[in-house]
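Residues per chain, in single letters:
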Amino acid sequence: MDIRPIAGALGAEILGIDLAQPLPADTIAAIRNALLEHLVIFFRDQKLTPPQQLAFARAFGEPMEYPQLKGLPACPLITPVVKLEHERMNFGGVWHSDTTYLARPPMGSMLYALEVPPRGGDTLFANQYLAYETLSAGLKRTLDGLIGVNTSTKAAASKTREDRMRAAGEELKVLAGEHPVVRTHPETGRKALYVNVGHTERFKDWSEEESRPLLEYLFAHQVRPELTCCFRWAPGSLAFWDNRCTQHNPVNDYHGYRRVMHRVTLAGDVPR
C-alpha cells in the first residue's frame, strides 16, 4: 500500500489496493490511520458494485440512509449523486460538512465515481483542524463556549437539492441540529471548527443578525486556499472523507455534461 499526500493541508491518494476484494484487518487499520492523518483519502481505478462499496464502507462504520433522498432501489444505503446534462445546479454545491442539521451527523462519507464530465467537476476539501488552530487566542476563547444552530433549509444548500428531490418526488424535510461551534474529534482529540455556510444559521441564543458578521468571517476563514486540497475525478475514483474535521465543495463548472456518483454515508456520534 502506497500513501501519497496531495497537498500541504490535507488529502492523500492510496495506491495498490483493490477495494472490491475483502481486505485483511491490518490493511483496514492502515487505511483508518491514513484517514485520521490526512482527513480525506482517495483511491483510483476501482471497479465496485454497490454491494462491494457497502462492504468496504462497513469496515469503517455503520452505513446510514441519507435523510433527504432515497437510495438505490436494490441498495437503499447507496445514495445516487447525479447532475444531468440539462441541470444547472449540482447536488451539495456549496462548502459544507454533511448533514450537520442531524443530532448525530455522519462520521464520514464515501463517494464513488461512475460517470464524470470531460473537464471540471472537481471536489475541494478543507481542513477544519487548521481552520480552528489558525484563529487568534481571543477568538478561540469566544468560540469555545458557543453552540451553532444548523438547519436543512438554509437556502444556499437547499437549492442544490431541488432538482434531485423534484425528480424523485420527494419533499424537503425540515431538520435542525445544535452542535458546538468547536468540536473535539472523538478519535484524535484535536479541536476542529464546526460551522459551515451550507447549514449553520446562527449561534444559539443569538439572533441571525447578531450572528451574521462573525459567521461570515468564519465561513471565509475556514476555506482559505492554504487550508484546502482539490481532487480531480475519473471513473472508478473513490473519496473517503472524515466529516468531523473536514468540509467539501463540489465545483459546479461542467454544465451540459453528466456526472453520476454513488455515496455511502457512515453514522457518527453526538458532537462534543
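Quick caveat: nothing in here was measured; it's all calculated off a predicted structure.

Caption draft 1: A look at the sheet that holds strand β9 (residues 176-180). On the basis of which strands lie adjacent, the open sheet formed by 3 strands has the order β9-β8-β12 and antiparallel pairing. Looking along the sheet, the strands with just one partner apiece sit at the ends: β9 and β12 (200-203). Taken over all neighbouring pairs, the strand axes of this sheet differ in orientation by 30° on average, direction set aside. When strand β8 (residues 147-151) meets β9, the two strands line up antiparallel, connected through 5 bridges. Counted as the bridge partner of I147 is P180 from β9.

Caption draft 2: Inspection of the nonpolar core at higher detail. Grouped together as the largest cluster of nonpolar side chains are 26 residues, with contacts concentrated most on M110 and L238. Sorting the residues of this core by element identifies α1 (25-38), β3 (40-43), α2 (50-58), β6 (108-115), β14 (238-242) and β16 (259-266) as the ones contributing at least two each. At 4 residues, the largest contribution of residues to this core is made by α1. Apart from the residues within four sequence positions on either side, M110 is in contact with Q53, F56, A57, F60, L238, A239, F240, H262, R263, V264 and L266.

Caption draft 3: Here's a closer look at α1. For α1, which comprises 14 residues, the first-to-last C-alpha distance of 20 Å matches the rise-based estimate of 20 Å (1.5 Å per residue) to within 8%. Of the residues making up α1, those classed as buried are T27, I28, I31, A34, L35 and H38. Across the axial projection of α1, the buried residues extend over an arc of 120°, all falling on one side. Away from the buried face of α1 by more than 90 degrees, exposed residues A25, D26, N33 and E37 are located. Looking at the buried positions of α1, the neighbouring elements they touch are β1 (2-5), β2 (12-15), β3, α2 and β14. A positive phi of about 75° marks L39, the residue just after α1.

Caption draft 4: The arrangement of the pairing of strand β7 (residues 123-127) in detail. Burial analysis of β7 places 4 of its 5 residues in the buried class, which makes it a mostly covered element. Bridge analysis of β7 against strand β13 (residues 228-231) gives 4 bridges, and the strand direction is antiparallel. Paired with A126 across the bridge in β13 is T228. The pairing of β7 with strand β15 (residues 246-250) spans 5 bridges and is antiparallel. Within the sheet, the bridge partner assigned to A126 lies in β15 and is Q247.

Caption draft 5: Structural detail: the pairing of β2. The pairing of β1 with β2 spans 4 bridges and is antiparallel. Bridging across to β2, D2 finds its partner in L15. Connecting β1 to the next strand, β2, in antiparallel fashion are 6 residues, including G11 with a positive phi near 100°. Note that the unit made of β2, α1 and β3 has a crossover that is right-handed.

Criteria and thresholds
- Residues numbered from 1 in each chain as written.
- Predicted model: local features only at pLDDT ≥ 70, side-chain atom pairs only at ≥ 80, totals over all residues.
- Heavy atoms only, no water.
- Pairing = 2+ DSSP bridges.
- Helix = DSSP H or I, 4+ residues; strand = E, 2+ residues; numbered from the N terminus.
- Axes fitted to C-alpha atoms, helices over the stretch in contact; angles between N-to-C directions.
- Core = buried A, V, L, I, M, F, W, Y, C linked by side-chain atoms within 4.5 Å.
- Buried < 20%, exposed > 50% of the residue type's maximum accessible area, 1.4 Å probe, protein only.
- Contact = heavy atoms within 4.5 Å.
- Expected span 1.5 Å × (residues − 1).
- Arc of directions from axis to C-beta.
- Right-handed = clockwise from strand over helix to strand, strands pointing away.

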